Amino acid sequence: MLPPGSTIGILGGGQLGRMLAVAAAQFGYKVHIYAPDAESVAAEVTAHHSQAAWDDEPRLAAFAAACDVVTYEFENVPVDTVRFLSGHVAVRPGAAGLKIAQDRLEEKNFVAGLGGRPAPFAAVPDRAALDAALGEIGAPAILKTVRMGYDGKGQARIMTPADADTAWETIGRHAAVLEGFVTFAHEFSVILVRGIDGEVRFWDSPVNVHEGGILATSSLPPPQIVADQQGEARALMAKIAEELDYVGVLTGEFFATKDGPVFNEMAPRVHNSGHWTIEGAVASQFENHIRAVAGLPLGSPATRALPVAMRNLIGAGIADIPALLADENCHVHHYSKTEVREGRKLGHATWVGASPA
């Protein structure tokens with residue numbers, strides 16, 4: 001168990017790191033942010049900040065020496081960075097889940113090997129392979145880069161085979177995976193936390209609505225079809241966490257279909273669809289991630305009250321904050337980002353035990 005006064009290092013300086021740092025402070029921990037970006041909204045609320053490249057080994061070694069344990073707030077931290085740090089300090093979760101989550105093809109094969117059901121998929125290493133994949137999967141389909149890409153980035157829809165050239169150019173001619181369309185009723189997420197001792201706990205699964213490939217809202221209680229499929233989806237995520245010997249919060253996104261839950265993707269970190277847990281659960285995803293990586297007993301993920309609604313404040317939507325503050329049942333979070341641009345997550349608002357006004 002990490003004693004109060006210890007330092008937790010966080011790789012990445014965004015809003016997830018910011019909320020993790022606030023949770024860490026509850027337990028008397030100091031936080032040290034490491035990120036290459038000049039702007040770090042996480043560093044604004046932490047004791048220490050190292051701005052350096054992911055491959056700057058002398059700076060990484062100094063960072064490791066200043067920390068008692070290290071974690072990360074987003075899945076595009078280079079695996080080599082985590083492996084280097086692991087030789088100097090405990091990193092939780094480790095590199096295994098990160099490596100899989102960074103490669104969509106490896107992720108789908110990994111999940112299928114554990115008995116999960118991803119959407120139909122085929123590897124597309126080059127343009128010629130795209131035609132073969134369309135012959136196998138059919139259209140409509142979605143072409144996604146194997147690496148990088150989130151919130152709708154790095155992907156293109158193919159409604160007919162005639163769209164193949166445009167789609168290939170849209171994703172920058174990168175190695176990709178073609179996914180068949182899934183007919184689904186709703187999208188939902190399974191968020192778990194796994195402790196050092198292997199204990200696993202789950203938050204209730206919210207139903208998620210995306211707009212333009214970006215999460216817009218998460219809400220509880222979910223429709224009955226999601227509630228009915230939550231158990232099977234949880235069993236798969238628990239199996240994934242055990243296989244990876246995972247420590248911390250792990251998220252899986254699923255489609256609720258007439259044939260059961262279809263796995264979409266996983267994120268080895270706290271997740272946007274879990275922001276409601278800050279006010280809506282006894283112990284939030286951020287608190288329990290800190291508890292897990294610090295070796296503390298896990299807190300209860302029980303939902304405090306229903307209904308729950310979380311709305312992202314994206315781009316110009318941040319201007320709604322004055323109106324949201326006038327709603328006495330609304331909890332407002334501003335991420336302190338200076339640049340407002342379309343598609344950028346700048347804050348969120350949550351209602352617990354009440355519906356948005």
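Residues numbered from 1 in each chain as written. Predicted model: local features only at pLDDT ≥ 70, side-chain atom pairs only at ≥ 80, totals over all residues. Heavy atoms only, no water.

Draft legend 1. Summary view of helix 10 (residues 285-293). When you tally the buried positions in helix 10, you get nine out of nine residues, the bulk of the element. Here helix 10 has its buried residues at Gln285, Phe286, Glu287, Asn288, His289, Ile290, Arg291, Ala292 and Val293. For helix 10, the capping residue at the N-terminal end is Ser284, with a side-chain oxygen 3.2 Å from the backbone nitrogen of Phe286. One or two steps after helix 10, the chain reaches Gly295, where phi turns positive at roughly 75 degrees. (Buried < 20%, exposed > 50% of the residue type's maximum accessible area, 1.4 Å probe, protein only. Helix = DSSP H or I, 4+ residues; strand = E, 2+ residues; numbered from the N terminus. Polar contact = N/O pair within 3.5 Å; in protein donor to acceptor, adjacent residues only side chain to side chain.)

Draft legend 2. Highlighting helix 3 (residues 79-86). Burial in helix 3 covers these residues: Val79, Thr81, Val82, Phe84 and Leu85. For helix 3, the secondary structure elements touched by its buried residues are strand 1 (7-11), helix 2 (57-66), strand 4 (69-72) and helix 4 (95-101). (Contact = heavy atoms within 4.5 Å.)

Draft legend 3. Here's a closer look at the pairing of strand 17 (residues 345-352). Burial within strand 17 is extensive, with seven of its eight residues counted as buried. Direction of pairing for strand 15 (residues 308-314) relative to strand 17: antiparallel, over a ladder of seven bridges. Bridge assignment links Val308 to a residue of strand 17, and that residue is Val352. Bridge count for strand 16 (residues 330-334) against strand 17 is five bridges, and the pairing is antiparallel. Residue pairing across strands places His334 opposite Gly347, the latter belonging to strand 17. (Pairing = 2+ DSSP bridges.)

Draft legend 4. Layout of the sheet that holds strand 2 (residues 30-35). The strand order across the open sheet formed by four strands is 3-2-1-4, and the pairing between neighbours is parallel. Unpaired on one side and paired on the other, strand 3 (48-51) and strand 4 mark the two borders of the sheet. Each neighbouring strand pair of the sheet contributes to a mean axis angle of 20 degrees, computed without reference to strand direction. The pairing of strand 1 with strand 2 spans five bridges and is parallel. Considered in strand 2, the bridge of Ile8 is made with Val31. (Axes fitted to C-alpha atoms, helices over the stretch in contact; angles between N-to-C directions.)

Draft legend 5. View of the sheet that holds strand 6 (residues 141-145). Taken together, the four strands give an open sheet; going across it, the order is 5-8-6-7, and neighbouring strands pair in antiparallel fashion. A single partner strand is all that each edge strand has here, and the edge strands are strand 5 (121-124) and strand 7 (155-158). Each adjacent strand pair in this sheet contributes to an overall mean axis angle of 25 degrees, direction not counted. As paired elements, strand 6 and strand 8 (residues 176-180) share five bridges and run antiparallel to each other. Paired with Ala141 across the two strands is Gly180, which belongs to strand 8. This element, helix 6 (residues 127-137), spans strand 5, strand 6, strand 7 and strand 8 of the sheet and lies at about 170 degrees to strand 5.

Draft legend 6. Looking closely at the side chain of Thr277. For Thr277, the location among the structural elements is in helix 9 (residues 277-280). When its relative accessible area of 0% is taken as the criterion, Thr277 is described as buried.

Draft legend 7. Seen up close, the packing of helix 2 against helix 3. Packing of helix 2 against helix 3 brings their axes to within 10 Å, and their N-to-C directions diverge by 50 degrees. Relative to helix 3, the element helix 2 is oriented oblique. In this structure, helix 2 meets helix 3 at a crossing whose hand is right-handed. Across the interface between the two elements, Glu57, Leu60, Ala61, Phe63 and Ala64 of helix 2 pack against Thr81, Phe84 and Leu85 of helix 3. (Parallel < 35°, antiparallel > 145°, perpendicular 65-115°, else oblique. Left-handed = near helix turned anticlockwise from the far one by under 90°.)

Draft legend 8. Inspection of the environment of Pro161 at higher detail. With respect to the helices and strands, Pro161 occurs in the loop between strand 7 and helix 7 (164-170). Sequence-distant contacts of Pro161, defined by excluding residues within four places in its chain, comprise Leu134 and Ala139.

Draft legend 9. Summary view of the packing of aromatic side chains. Applying the stated rule across the entire model yields seven aromatic pairs. Between Tyr34 and Trp54, the ring centres sit 5.9 Å apart and the planes meet at 35 degrees, which makes this aromatic pair tilted. Of this pair, Tyr34 sits in strand 2 while Trp54 sits in the loop between strand 3 and helix 2; the two residues are 20 residues apart in sequence, bridging distant segments of the chain. Note on accessibility: Tyr34 and Trp54 belong to one class, buried. Judged by centre distance (5.8 Å) and plane angle (85 degrees), the rings of Phe254 and Phe263 are edge-to-face. Taking the relative accessible area as the measure of exposure, Phe254 reaches 3% and is therefore buried. (Phe/Tyr/Trp six-rings, centres within 6.5 Å; stacked < 30°, edge-to-face > 60°.)

Draft legend 10. Summary view of unusual backbone geometry. With an omega of 5 degrees, the peptide bond between Ala139 and Pro140 qualifies as cis. Inspection of the secondary structure assignment puts Pro140 in the loop between helix 6 and strand 6. The phi torsion at Asp245 lies on the positive side, around 50 degrees, for a residue other than glycine. Within the secondary structure layout, Asp245 lies in the loop between helix 8 (224-243) and strand 13 (248-257).

Draft legend 11. Quick look at the nonpolar core. Core analysis: the largest hydrophobic core is formed by 34 residues, its most contacted members being Ile8, Tyr29, Trp203, Trp276, Phe286 and Ile290. Sorting the residues of this core by element identifies strand 1, helix 1 (15-26), strand 2, strand 9 (186-194), strand 12 (214-220), helix 10 and strand 15 as the ones contributing at least two each. Excluding its chain neighbours within four sequence positions, the residues that come into contact with Ile8 are Leu2, Ala24, Tyr29, Lys30, Val31, His32, Val69, Thr71 and Ile290. If you look at the next biggest cluster of nonpolar residues, it comprises 21 residues, including Ile240, Leu244, Phe254 and Ala256. (Core = buried A, V, L, I, M, F, W, Y, C linked by side-chain atoms within 4.5 Å.)

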